[in-house]
Amino acid sequence: EPEVTQTPSHQVTQMGQEVILRCVPISNHLYFYWYRQILGQKVEFLVSFYNNEISEKSEIFDDQFSVERPDGSNFTLKIRSTKLEDSAMYFCASSEQGRGPHREKLFFGSGTQLSVL
Amino acid sequence: EDKVVQSPLSLVVHEGDTVTLNCSYEVTNFRSLLWYKQEKKAPTFLFMLTSSGIEKKSGRLSSILDKKELFSILNITATQTGDSAIYLCAVVPTTSGTYKYIFGTGTRLKVLA
């Protein structure tokens, strides 16, 4: 079965540094998402992306965050200046094109565990 | 504020037991409710429910939605150690342009041999 792949699986960085988390969504999917899960808390929506632009973003997704689909296959999340509270598991997800219920079913990657020291 | 609440938070059972996991929600303009299983990292899809009273079934797992009382249950019969995981409930409101999920905290299930 096709998979969403994320790299790296673990990322350790110093506070104030920039990080880029990478994702390769399933090839025929057109909707892309980033979610995060702080240890012991709920999975939270960050941002959705379609047709090369942000469709929706949460309050968490402030000016320090950006997303990009640089080459038609990768989907990246950049955090410009990391803070301690950015430490979390970051999940990429994608969903199918088209109308109807299938678009709601998200396929998640295995996540990148980001640790900010 | 949209909210999804799951119960219990954790559960320990023995192989062969039947478990019922609960998910209640308060969202504006409900569209669908989804169940995911999270074993190690990536949540994997189990069910999507949109209509009240229609049971979805896959092997030993089944789920049903009650849109009047705003809840869903996930049943697992004849549990096995491989069912040990976190079970996540997520709701999609129609106000979301691109199907943003609102997750519950999850129920951590441990099945003992």
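My aim in this report is to walk through the structure given alongside it, one point at a time. Because the structure is predicted, anything quoted here is derived from the model rather than measured. (Residues numbered from 1 in each chain as written. Chains lettered and ligands numbered in written order. Predicted model: local features only at pLDDT ≥ 70, side-chain atom pairs only at ≥ 80, totals over all residues. Heavy atoms only, no water.)

**What to know about unusual backbone geometry**
- With an omega of -10°, the peptide bond running from Thr7 of chain A to Pro8 of chain A counts as cis.
- Structurally, Pro8 of chain A can be placed in the loop between β1 (5-7) and β2 (10-13).
- Note that the residue after Ser7 of chain B, namely Pro8 of chain B, is joined by a cis bond; omega there is -10°.
- Residue placement: Pro8 of chain B occurs in the loop between β1 (3-7) and β2 (10-14).
- Unlike most non-glycine residues, Asn51 of chain A shows phi in positive territory, near 55°. (Helix = DSSP H or I, 4+ residues; strand = E, 2+ residues; numbered from the N terminus.)

**Focus: the side chain of Gln37 of chain A**
Residue and element names in this part refer to chain A.
- Here Gln37 shows up in strand β4 (residues 29-37).
- A relative accessible area of 17% means that Gln37 is categorised as buried.
- In terms of polar contacts, Gln37 uses its side chain to reach the backbone carbonyl oxygen of Gln41, at 3.3 Å. (Buried < 20%, exposed > 50% of the residue type's maximum accessible area, 1.4 Å probe, protein only. Polar contact = N/O pair within 3.5 Å; in protein donor to acceptor, adjacent residues only side chain to side chain.)

**Quick notes on the pairing of strand β8 (residues 75-79) of chain A**
Residue and element names in this part refer to chain A.
- Judged by how many residues are buried, β8 sits mostly within the fold: 4 of 5 residues are covered.
- By the bridge criterion, 5 bridges tie strand β3 (residues 19-24) to β8 in an arrangement that is antiparallel. Looking at the pairing, Ile20 lines up with Lys78 of β8.
- Taken together, the 4 bridges between strand β7 (residues 65-68) and β8 define a ladder with antiparallel strand orientation. What sits directly across from Phe65, in β8, is Ile79. (Pairing = 2+ DSSP bridges.)

**Describing the state of the cysteines**
- If you walk through the whole model with that rule in mind, you get 2 disulfides over all chains.
- Two residues, Cys23 of chain A and Cys92 of chain A, share a disulfide whose sulfurs are 1.9 Å apart. Between Cys23 of chain A and Cys92 of chain A, the S-S dihedral sits near -65°, and the bridge is therefore left-handed. Here the residue Cys23 of chain A occupies a position in strand β3, and Cys92 of chain A occupies one in strand β9 (residues 88-96), the gap between them amounting to 69 residues.
- Since its relative accessible area comes to 0%, Cys92 of chain A is described here as buried.
- Across the disulfide from Cys23 of chain B sits Cys89 of chain B; the S-S distance is 1.9 Å. Around the S-S axis, the bridge from Cys23 of chain B to Cys89 of chain B shows a dihedral of about -65° and counts as left-handed. Of the two residues, Cys23 of chain B sits in strand β3 (residues 19-26) while Cys89 of chain B sits in strand β9 (residues 85-93), which places them 66 residues apart along the sequence. The same class applies to Cys23 of chain B as to Cys89 of chain B, namely buried. (Disulfide = S-S within 2.5 Å.)

**Side note on the environment of Thr7 of chain A**
All names here are of chain A.
- Assignment of secondary structure puts Thr7 in strand β1.
- For the pair Thr7 and Ser27, spaced 20 residues apart in sequence, the C-alpha to C-alpha distance is 17 Å.
- Once residues lying within four places of it in the same chain are set aside, the contact partners of Thr7 are Leu21, Arg22 and Thr112. (Contact = heavy atoms within 4.5 Å.)

**Side note on the interface of chain A and chain B**
- With 23 residues of chain A in contact, the opposing surface of chain B contributes 22 residues.
- Interface of chain A and chain B: buried area, both sides summed, is about 2000 Å²; carbon and sulfur atoms make up 58% of it.
- Three residues stand out in chain A for area buried against chain B, namely Lys42, Glu104 and Phe108 of chain A, and they jointly supply 32% of the buried area on that side.
- Linking chain A with chain B are 1 salt bridge, by the criterion used here.
- A salt bridge links Lys100 of chain B to Glu56 of chain A, with the shortest nitrogen-to-oxygen separation between them at 3.6 Å.
- Put simply, chain A and chain B have 5 residue pairs in polar contact (both at pLDDT 80 or more) between them. (Buried area = accessible area lost by both parts, 1.4 Å probe. Salt bridge = Lys/Arg side-chain N within 4 Å of Asp/Glu carboxyl O.)

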